[in-house]
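Listed here are the chains, written in short residue letters.
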Amino acid sequence: MVSFYNNIFNCNLKKVEAYGTSLYQGKLAGINLLLCPNEIANVKAQQNRQQFDIEVNDIETCLKKVADSFGQIMEPYNKEIKSASIIDPDGNT
């Protein structure tokens, strides 16, 4: 997950030790991002509750990075409006 978000969105996630485990802090589109194991977060959701609409400079390069980083393209890439939905390696859209 750290590699995925750093490679695709330049989140600059850095390791932080807390609660007896490793967490990762950075920024996603200017918003603070924390990657935390489900065991610590006590998350039981079957699917993520938040989705972000993030604009990138070069969508084709971004989608290649998604595939190279074990992510998936959720629906066909719409070349007319240059829009795509992705799924990260943990299944978050």
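Preceding block: the structure.
As for the sheet that holds strand S3 (residues 31–35)
1) Next: Overall, antiparallel pairing links the three strands, which are arranged S1-S2-S3 in an open sheet. This sheet does not close on itself; its edge strands, each paired only once, are strand S1 (14–18) and S3. For this sheet, the mean angle separating the axes of adjacent strands, direction not counted, is 35 degrees.

Side note on the environment of Pro 37
1) Next: With respect to the secondary-structure elements, Pro 37 resides in the loop between S3 and helix H2 (38–41).
2) Next: With a relative accessible area of 23%, Pro 37 lands in the partly exposed category.
3) Next: Put simply, Pro 37 and Asn 6 are 31 residues apart on the chain and 17 Å apart in space, counted from C-alpha to C-alpha.

Observations concerning the pattern of salt bridges
It is possible for side chains bearing opposite charge to pair when their charged atoms get close.
1) Next: With the rule as written, the count across this model stands at one salt bridge.
2) Next: Salt-bridge contacts for Asp 68 lead to Lys 64; the nearest nitrogen and oxygen are separated by 2.8 Å. Of this pair, Asp 68 and Lys 64 both sit in helix H3 (residues 59–68), four residues apart, which is roughly one turn of the helix.

About the criteria used
Residues numbered from 1 in each chain as written. Predicted model: local features only at pLDDT ≥ 70, side-chain atom pairs only at ≥ 80, totals over all residues. Heavy atoms only, no water. Pairing = 2+ DSSP bridges. Helix = DSSP H or I, 4+ residues; strand = E, 2+ residues; numbered from the N terminus. Axes fitted to C-alpha atoms, helices over the stretch in contact; angles between N-to-C directions. Buried < 20%, exposed > 50% of the residue type's maximum accessible area, 1.4 Å probe, protein only. Salt bridge = Lys/Arg side-chain N within 4 Å of Asp/Glu carboxyl O.

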